[in-house]
Amino acid sequence: MAAAPQSSPPAPVRVRLPAHLVRLFPDGETLVEVAAGDVQQLMDALEARWPGMRDRLCDERPAIRRHINVFVDGRRARLDTPLAPGADVFILTAISGG
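Note on numbering: residues in each chain are counted from 1, in written sequence order. Local features in this predicted model are restricted to residues of pLDDT 70 or higher, and side-chain atom pairs are both shown and tallied only at a pLDDT of 80 or more, whereas totals for entire chains, interfaces and linings draw on every residue. To obtain the side-chain values, all non-hydrogen atoms of the structure were included, while hydrogens and water were left out.

Enquirer: Help me out: how do you make sense of the side chain of Thr81 in this one?
Expert: Runs of H or I in DSSP of at least four residues are treated as helices and runs of E of at least two as strands, each being numbered from the N terminus. Tracing the backbone shows Thr81 in the loop between strand 4 (75–76) and strand 5 (88–93). Whenever a nitrogen or oxygen atom comes within 3.5 Å of another N or O atom, the pair is scored as a polar contact, on the condition that within protein one atom can donate a hydrogen and the other can accept it, and that pairs from neighbouring residues in sequence are kept only if both atoms are in side chains. Within the local environment of Thr81, its side chain forms a polar contact with the backbone nitrogen of Arg78, the two atoms lying 2.8 Å apart. By definition in these notes, contact holds between two residues if any of their heavy atoms fall within 4.5 Å. Look past the residues within four positions of Thr81 in its chain and what remains in contact with it is Asp38, Val39 and Val72.

Enquirer: Explain the pairing of strand 3 (residues 68–72) here, please?
Expert: Two faces belong to every sheet, and in a regular strand the side chains alternate between them. Counting buried residues in strand 3 gives four out of five residues, a clear majority hidden from the surface. DSSP bridges decide pairing: two strands pair if at least two such bridges lie between them. As paired elements, strand 3 and strand 5 share five bridges and run antiparallel to each other. Opposite Ile68, over in strand 5, you have Thr93 as the bridge partner. In the sheet, strand 3 pairs with strand 4 via two bridges, with the strands oriented antiparallel. Bridged to Phe71 within strand 4 is Arg76. Using a 1.4 Å probe on the protein chains alone, a residue whose accessible area is under 20% of its type maximum counts as buried, one over 50% counts as exposed, and one in between counts as partly exposed.

Take a look at the structure:
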């Protein structure tokens, strides 16, 4: 019986986080590299590094919170958006006011 093919681990992507968000976490960094195949895995990796980060970025559905914007290589993303090796991911908070 042939062994099932092993899937390769996700490739690293670069993630840029807002400074005011990372200040809430010990040893927070605004630029990190994590291994992730999609945005959901990226959120899991951020949560593993800084417990509580996912709650700041995602709601209970789960979905990216309404006031958070995630861009992958310049395009707006959702949790199921795939990440190519070396992708640039920007996580931004919405700014409102009047």
